[in-house]
Amino acid sequence: MKSKILAMITALGLTLTVGSVFAAGELHVYNWGNYTNPEMIEKFEKMHGVKVTIDGYDSNETMLAKVEQGGSGYDIVVPGDYMIAIMLKKELLERVEPNKMSNFKNVDPKWVDVYWDEGRNYTIPYQWGTTNFTVDSTVYKGDVNTLALLFDPPDELKGRINMLKDMNDVINAGLRYLDYPRCNSNKAQLKELNEMLVKAKANWRTMDYSVIEKLTSKDVDLSQSWNGAAKRARKDRPELVYSYPKEGFTGWMDNVAVLKGAPNLENAKLFMNFMMTPEAAALTSNFANYANGITGSEAMMNADLVSAPEIVMPAGAPAPEFVPPCAQEVTDLYSKIWTNLNK
Amino acid sequence: MVDSTAAPAKKMGKAIDLKYQPGFSQIAWLCIAVLYAPIAVLVLFSFNQNRSVTVWTEFSFDWYVKAMNNEGIRHAAWVSLEVAFIAMVIATIMATMAALVTTRTAPYRGMNMAVGVINQPLMVPEVVTAVATLIFFAIIKQLTGVSGIGYLIAAHTAFCIPFAYMPIRARLEDMDLSLEQAAADLYAPPFKVFRRVTLPLMLPGIMAGAMLAFIVSLDDVIITLFVAGPGETTLPLYILGQIRRGVTPEVNAVSTVFLGLSVILVTFIFLFGKGKK
């Protein structure tokens, strides 16, 4: 018995150290689940002889909780725009200066001076998209480019609407519909917003993330949606039309960043430079179904992606708005509205 | 044990046998439906031809093939089994020793406290344990520079112990001391008593405990989410990561395989337990 336990402890000790013995040629990527193209990773592994591990998270907040303590072992993370702002404030990201790397010339200039990383000293674009809604055009035949369909729907859409279960996406859409500014702490305006949302909710069927399932099962005829999900839903339900509301809409971008104290810093830099090649960006887009912000990648992207109205914005659409993280006071007010709405 | 509980049960049987109360079978079937209908749907849609988990088109094995070829799923399944197996073995050994020392000795000071400490992971909210473990391990990692899957196994072992402990202890409490006393009376040394009398008698409890530990480790999400390091995504974590981008029937296929596995395991344990009696 004693020798068995001893053997077990030794075995455990061995497993503990294995990780650090082969650390020379490794790279540990922590990205959203089902968001990294294995082909792209294979290409990088072959190119630089580096062994890559990929793990997935389900939200920016989960990722933050895990890496905040340090020692997570990850090199690369892919946070959303507002999360980059938060992580920079907390000094969690390494200043790797991608703007001085050889492939930086491929980054579309419009994605260089962004609010979350002015001049790109820390991060590069991974994927970006918009948060709007998609409607069945055989059920509703009118103009889809207005938020009125969410908040004051015509009779044929009443009770046939799914909203994202996301505080910021719902509240920001509501603020745009009322033509009030984002990150709003004006009590009178928020009171009006609250009343408007409660009234609108009577016409909503569900508030849920599973947009594709809701739409393809014909549970609803309209759903608030990320553009990539809208495109995937259209594959099974061709009548769906993606809206670009005239009142404006949210844009988002996930970005490749290197964690402070990354165990494989040099490999992480190699990876970042690699991710700015049109080939890598195109592989990512083909897998994840979003646009990438790297010029020259379109030529290698799937044809259905380049022509998709969900991915390529029509000329007349307003520019997507990237909403920075709001002050705590505003978030608290929003939380109250959100809790009330979910009652 | 048989005598003490069987007699009152018989007496009560005449007065109120639950099985013959009005509505018994209806309620029982309702409960069974609520518990198993979702699983039946999950299994059904793993054979669906299109990518939807809600709209049926036609029967196919496509998603099983896809799941088999998916490196991420294969790796996650392997990590899950590896962690669950090692945690099960260590937790069961520790739980067996703990159960012996809390039932087979004369009561001693601090025994109740020891039981409390062993069962602590059941009382503390899981997320608290998870965050505490995350911070604790982060400190150790930074101090020693040692990383690897050992941390995850250690965390799983810790919360598996009470699950393994409970059935083993229950079994030991049901076992009459007189057999062991008789063996000792016939000059069997303590270790021989343990090996020839106690251990065979408590084996069903150990098997039950080990299986419980294995299952609990296999489907843990919260602690794993916080503790798992690079390349240590378990199957539940893999599935969780899919939610934002849409779950595909690949997940149904893997879940069905794991379901089949646990059914086989339960059947095996059931037959094993029967044979012993």
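Numbers given to residues run from 1 along each chain, matching the order in which its sequence is written. Chain A is the first chain written and ligand 1 is the first ligand written, with later ones labelled in order. Owing to the predicted nature of the model, reporting of local features is limited to residues with pLDDT of at least 70; listing and counting of side-chain atom pairs is limited to 80 or more, with chain, interface and lining totals taken over all residues.

The helix and strand tally for chain A stands at 13 helices and 11 strands. Atoms counted for the radius of gyration: C-alpha only. Globule rule: 2.2 Å times residue count to the power 0.38. The C-alpha radius of gyration of chain A comes to 22 Å, within 12% of the 20 Å expected for a compact globule of 343 residues. In terms of overall dimensions, chain A has a C-alpha envelope of 70 × 50 × 40 Å along the principal axes. Every one of the 343 residues in chain A was classed for burial, and the buried ones make up 45%. What counts as a contact here is a pair of residues whose C-beta atoms, placed from the backbone, lie within 7 Å. A separation of at least 24 residues holds for 73% of the contacts in chain A among residues at least 6 apart in sequence. Segments assigned H or I by DSSP are reported as helices when at least four residues long, segments assigned E as strands when at least two residues long, and all are numbered from the N terminus. Burial is judged by counting the other C-beta atoms within 10 Å of a residue's own C-beta: 20 or more makes it buried, 12 or fewer makes it exposed, and any count in between marks it as partly exposed, with every C-beta position built from the backbone.

Let us look at the overall build of chain B. The secondary structure content of chain B amounts to 13 helices and zero strands. Along chain B, helices (α) and strands (β) appear in the sequence α-α-α-α-α-α-α-α-α-α-α-α-α when read from the amino end. With respect to the principal axes defined by its C-alpha atoms, chain B has extents near 70 × 65 × 30 Å. For chain B, contacts bridging at least 24 residues in sequence account for 79% of all contacts bridging at least 6.

Residue and element names in this part refer to chain A. Taken domain by domain, chain A comprises domain 1 (20-128 + 252-306) and domain 2 (129-250 + 313-341). Segment limits for the domains were obtained from an automatic or database-derived domain assignment. On a C-alpha basis, the centroid separation for the pair domain 1 and domain 2 is 29 Å. Taken together, the contacts link 13 residues of domain 1 with nine residues of domain 2. Those elements giving two or more residues to the side of domain 1 that touches domain 2 turn out to be α4 (81-89) and β6 (123-136). The greatest single-element share of the side of domain 1 that touches domain 2, amounting to four residues, is contributed by α4. Under the convention adopted here, Pro, Cys and the residues Ala, Val, Leu, Ile, Met, Phe, Trp and Tyr are nonpolar, Asp, Glu, Lys and Arg are charged, and Gly plus all remaining residues are polar. For the side of domain 1 that touches domain 2, a count of residues per class yields 10 nonpolar, two polar and one charged.

With that settled, the discussion passes to the interface of chain A and chain B. Between chain A and chain B, the contact holds 36 residues from the first and 34 residues from the second. By residue number, the principal contributor to the side of chain A that touches chain B is helix α1 (residues 2-21) of chain A, which donates eight residues. Residue composition of the side of chain A that touches chain B, grouped by class: 13 nonpolar, 17 polar and six charged.

Once that is clear, we can look at the packing of helix α4 (residues 71-103) of chain B against helix α8 (residues 150-174) of chain B. Residue and element names in this part refer to chain B. All axes here are fitted lines through C-alpha atoms, helices being fitted over the stretch that makes contact, and every angle between N-to-C directions spans 0 to 180 degrees. Direction vectors running N to C along α4 and α8 enclose 45 degrees, while the axes themselves pass 6 Å from each other. Considering the angle they form, α4 stands oblique to α8. Between α4 and α8 lies a crossing whose hand is right-handed. Looking at side-chain class alone, the contact of α4 with α8 contains 18 nonpolar, six polar and two charged residues. In what follows, roughly perpendicular refers to angles from 65 to 115 degrees, roughly parallel to angles under 35, roughly antiparallel to angles over 145, and oblique to any angle outside these ranges. Left-handed is the label given to a crossing in which the near helix is rotated counterclockwise from the far helix by less than a right angle, and right-handed is the label when the rotation is clockwise.

Here we come to the confidence of the model for chain B. The predicted coordinates should not be examined in detail at positions where pLDDT is low. Residues and elements named next belong to chain B. Residues with a pLDDT of 70 or more make up 92% of chain B, whose mean pLDDT is 86. The predictor attaches a confidence to each residue, and that confidence, scored 0 to 100, is pLDDT. Contacts for the low-pLDDT stretch residues 1-11, under 50 throughout, to residues beyond four places or in other chains number one contact. Across the assembled chains, the prediction reports ipTM 0.77 with pTM 0.81.

On to the environment of B:Phe270, then. Note that B:Phe270 resides in helix α13 (residues 249-276). Given 10 C-beta atoms within a 10 Å radius, B:Phe270 is considered exposed.

Another point: helix α9 (residues 227-236) of chain A. Since the α-helix advances by 3.6 residues per turn, residues separated by three or four positions end up pointing in the same direction. Residues and elements named next belong to chain A. In terms of residue burial, α9 counts as a mostly covered element, since eight of its 10 residues are buried. Asn227, Gly228, Ala229, Ala230, Lys231, Arg232, Ala233 and Arg234 are the residues of α9 that are buried. Where α9 is buried, its residues touch β6, α8 (211-216), β9 (222-226), β10 (240-242) and α11 (278-288).

Attention now goes to helix α10 (residues 265-275) of chain A. Residues and elements named next belong to chain A. Listed as buried for α10 are Asn267, Ala268, Phe271, Met272 and Met275. For α10, the angular spread of buried residues about the axis comes to 145 degrees, placing them on one side. The elements touched by buried residues of α10 are β1 (26-32), α2 (38-48), β3 (76-77), β6, β11 (250-258) and α11. By construction, the arc corresponds to the directions joining the helix axis to the C-beta atoms.

Residue and element names in this part refer to chain A. With respect to burial, strand β2 (residues 51-57) is a largely interior element, five of its seven residues being buried. Pairing between strands is defined by DSSP: at least two bridges between the two strands are required. Bridge count for β1 against β2 is seven bridges, and the pairing is parallel. Directly across from Val29, in β2, lies its bridge partner Ile54. Since β1 and β2 lie parallel, the crossover through α2 that links them has a hand, and here it is right-handed. When the strands point away from the viewer and the path from the first strand over the helix to the second turns clockwise, the crossover is right-handed.

Positionally, B:Gly241 belongs in helix α12 (residues 235-242). Along the sequence, B:Gly241 and B:Val117 sit 124 residues apart, while their C-alpha atoms lie 33 Å from each other.

Here the focus is the nonpolar core. Most often, soluble globular proteins have nonpolar side chains that are buried together. With 53 residues, the main nonpolar core has A:Ile76, A:Val77, A:Val256, A:Val258, A:Leu259 and A:Met272 as its most contacted residues. With residues near it in sequence (within four places) discarded, A:Val256 still touches A:Ile76, A:Val78, A:Thr123, A:Ile124, A:Tyr126, A:Met272 and A:Met275. Each nonpolar core consists of buried Ala, Val, Leu, Ile, Met, Phe, Trp, Tyr and Cys residues. Their C-beta atoms, within 7 Å, join them into a set.

Turning next to the pairing of β11(A). All names here are of chain A. When you tally the buried positions in β11, you get eight out of nine residues, the bulk of the element. Two elements, β3 and β11, share two bridges in a ladder whose sense is antiparallel. By the bridge assignment for β11, Val77 is matched with Ala257. One ladder, built from eight bridges, connects β6 with β11; its direction is antiparallel. Bridging across to β11, Thr130 finds its partner in Gly251.

Let us now look at unusual backbone geometry. Residue and element names in this part refer to chain A. With phi around 65 degrees, Asp179 is a residue other than glycine that occupies positive phi space. Relative to the assigned elements, Asp179 resides in the loop between α6 (167-178) and α7 (187-201). Take Asp179: there are 9 C-beta atoms within 10 Å of it, and that puts it in the exposed class. With phi around 70 degrees, Asn289 is a residue other than glycine that occupies positive phi space. Considering the arrangement of structural elements, one finds Asn289 in the loop between α11 and α12 (303-306).

To continue, consider the confidence of the model for chain A. Residue-level pLDDT values for chain A average 91, and 93% of them are 70 or greater. Put simply, α1(A) is where chain A has its lowest mean pLDDT, 46, and β3(A) is where it has its highest, 97.

For the rest of this paragraph, the subject is the environment of A:Asp113. Structurally, A:Asp113 is set in strand β4 (residues 113-114). With near-sequence residues (within four places) excluded, A:Asp113 lies in contact with A:Glu118 and A:Gly119.

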